[in-house]
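Reading the structure
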Amino acid sequence: MYDNTLDLKQTFKKGERLKRRKLIKRMFNREGESVAAYPLRIIWLEVELDSNYPAQFALSVPKRAFPKAAHRNVIRRRLREAYRLNKHNLYEFVEKQEKQYAIMVLYTAKEALTFQQIEAKMKVLFKKFVKRNQ
RNA sequence: AUUACAAACUAGUCUAUCGCGUUUCGGUUUUACCGGAAUGAGGAAAGUCCGAACAACGCAGAGCAAGCACACCACCUAACGGGUGGGGUUCUUUGGAAACAAAGAAUACAGCAAGUGUCGCAGAAAAUUACCGCCCCGAGCGUAGCGAGGGGUAAGGGUGAAAACGUGCGGUAAGAGCGCACGCUACCUCAUGGUAACAUGAAGUAGGGAUAAACCUUGUGGGUUGAAAUGCCACGUAUACCGAUGGGACCGGUUUUCCGGUCAGGGGGCUGCUCGUCCUUGUCGGGGGGUAGGCAGAUAGAGCCUGUCAGCGAUGGCAGGUCGAGAUAAAUGAUAGACAUCGCGCAAGCGAUACAGAAUUCGGCUUAUCGGUUUGUAAAAAAU
RNA sequence: GGUCCCGUAGUUCAAUUGGAUAGAAUACCAGAUUCCGGUUCUGGAGGUUACAGGUUCGAACCCUGUCGGGAUCA
């Protein structure tokens, strides 16, 4: 079912993006589980997706913390890069389980952090996620 | 060459690695990936304050009303509440005794002399007023006078943001634009200049406090709603249930109920009323279920650049060149390094490089903005 | 993306449709009462009426522009 060459790539295609509003609603309402590694929080849900990827990913930066759209864009792009460069850890684990996940990452800090800080936290977050699902 | 202000332009550059959207070419394990190429945020993309394009509501159907917007003149513009030029008024500075002149800035600048309203406190009085005062007549007291009452007057008085044209002379019982001279303001007529607003001059009439960002009047212009508009395709579904209220007339079936048709009536059709017209058929209210995917709208336009001509200017004409994002939980990036500019420092080095991110598209306005360049004005200093 | 509404003491609200020191409750401070605290009573402080202009003799109120907050629409 999965292409094994995928997990070596650092791409981030359209099929890997979580877009269905219904799924996002379900995650927030009842079914999603979550774990935090400040300033990040991950929410996930085991579902059957309409694509071949092991997971679909979305992110959110609250307007309350960053009222200017340009500032939100900077944070969003750093988060996305951090996910893109480290997602292979996640994919390996998920493929062994032969499951699919919808994943959402929230940014909860009030200040803008550097890429290095965000990337480190993202790795911690993935470790926690793996631990919870074993 | 410095500082301040105003206007216009600009909005750091390069390399490496890993990526993203759109278009396109090729490939494959053929619908999803891989590889290549091209291209990919702004002057404000912002606020949503105006104006349009475009779309829907029946080519908005007709009329009236309400409501809204605008308000010196001319021009520019697709249009505008925007812009340019001009006029009036007010303020500031300089000169001057003053009148005024020059420069600069501001200006929602139609009409309180159409009507109505309001103008606290103070003051006699806040719009046809009379407290003190001034003057005349004067019953009576009874004699240098006092004075009930009647009348005239608006010169003087204090108040107030504002006091009933100003100054002088005449005039009068006292006074008053009551008259005269000079001046001020408004209206109107004529003449001159100007496309016009308006300015100047002359004659006449008048002297009416302020407020229309008070109601309002006059003139001009507006139908309403907006891309979450709108059209098509796909998926999916149920008007279940509750409350209130009604079931008119005629015809047919049937004949107690009930069913069907026509008319009336009710409801709706993107502000109100009347008319017209269309849709709907128990009505109104509560409440429930489903879908929230795709395509079009949607990117060549009142477009941009250069030159030239017309115009004081906004702007326009002509010629040549050019194609410069099109996403949809939303691409246009992340990381590392070098250079550039500015600040501090002898130096090594350290710090700073703004405001800010397309969402149908244009024209304006307003607001945010580290710096850099150019032009103009003013000031001080130096040189000639 | 569009449309609409609201900004007054630290907080919750007033202020006769323009008229004078912007008022009340609560919270705060001080004093009294109490052995102490609370309650109660008395007094005090606290406001550039979001900001900036304008109209007016006079603005919380009227007008314009900013800033901030909120609601709503398939």
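Treat the numbers as computed from the prediction; the structure is a model and nothing was measured. (Residues numbered from 1 in each chain as written. Chains lettered and ligands numbered in written order. Predicted model: local features only at pLDDT ≥ 70, side-chain atom pairs only at ≥ 80, totals over all residues. Heavy atoms only, no water.)

1. What to know about the overall build of chain A
Here is the rule we go by: Helix and strand assignments follow DSSP, with helices taken as H or I runs no shorter than four residues and strands as E runs no shorter than two, numbered in order from the N terminus. Radius of gyration here uses only the C-alpha atoms, and the compact-globule reference equals 2.2 Å multiplied by the residue count raised to the power 0.38. Relative accessibility decides the category of a residue: with a 1.4 Å probe and only protein chains considered, values under 20% of the type maximum give buried, values over 50% give exposed, and everything between is partly exposed. Note on definitions: a residue-residue contact is assigned when non-hydrogen atoms from the two residues lie within 4.5 Å. Here, Shrake-Rupley sampling with a 1.4 Å probe gives the accessible areas, and only protein chains in the shown set may cover a residue.
Within chain A one finds 3 helices and 4 strands. Starting at the N terminus and walking to the C terminus, you meet the elements of chain A as α-β-β-β-α-β-α. Taking 134 residues into account, the globule formula puts the C-alpha radius of gyration at 14 Å, and chain A, at 14 Å, falls close to it. Counting all 134 residues of chain A, 43% fall into the buried class. Within chain A, counting contacts between residues at least 6 apart in sequence, those at least 24 apart form 80% of the total. Summed over all atoms, the accessible surface of chain A reaches about 8,300 Å², with 48% contributed by carbon and sulfur.

2. Considerations on the protein's contact with RNA strand B
Going by this rule: One heavy atom within 4 Å of a molecule or strand makes the whole residue count as near it. Distance and chemistry together define a polar contact, namely a pair of N or O atoms within 3.5 Å, with one atom able to donate a hydrogen and the other to accept it when in protein, and with adjacent residues in sequence counting only for side-chain atoms on both sides. Asp, Glu, Lys and Arg are counted as charged, while Ala, Val, Leu, Ile, Met, Phe, Trp, Tyr, Cys and Pro are counted as nonpolar; the rest, among them Gly, fall into the polar class.
Neighbouring RNA strand B are 23 residues, the closest being Lys14, Tyr53, Asn73, Arg84 and Gln116. Each atom of RNA strand B within 4 Å of the protein was classed as base or backbone; sugar and phosphate made up 83%. Separating a phosphate oxygen of RNA strand B from a side-chain N or O atom of arginine 78 is a distance of 3.4 Å. Measuring from a base nitrogen of RNA strand B, one finds a side-chain N or O atom of glutamate 81 at 3.2 Å. Elements represented by at least two residues in the surface near RNA strand B include exactly helix 2 (69–97) and helix 3 (115–133). Looking at which element gives the most residues to the surface near RNA strand B, the answer is helix 2, with 10 residues. In terms of residue class, the surface near RNA strand B is made up of 7 nonpolar, 4 polar and 12 charged.

3. Looking at the pairing of strand 3 (residues 55–60)
Spelled out, the test is: Seen with its strands pointing away from the viewer, a crossover is right-handed if its path from the first strand over the helix to the second goes clockwise.
With 5 of 6 residues buried, strand 3 lies mostly within the body of the structure. Remark: the strand 3/helix 2/strand 4 (residues 101–107) crossover connection has left-handed handedness.

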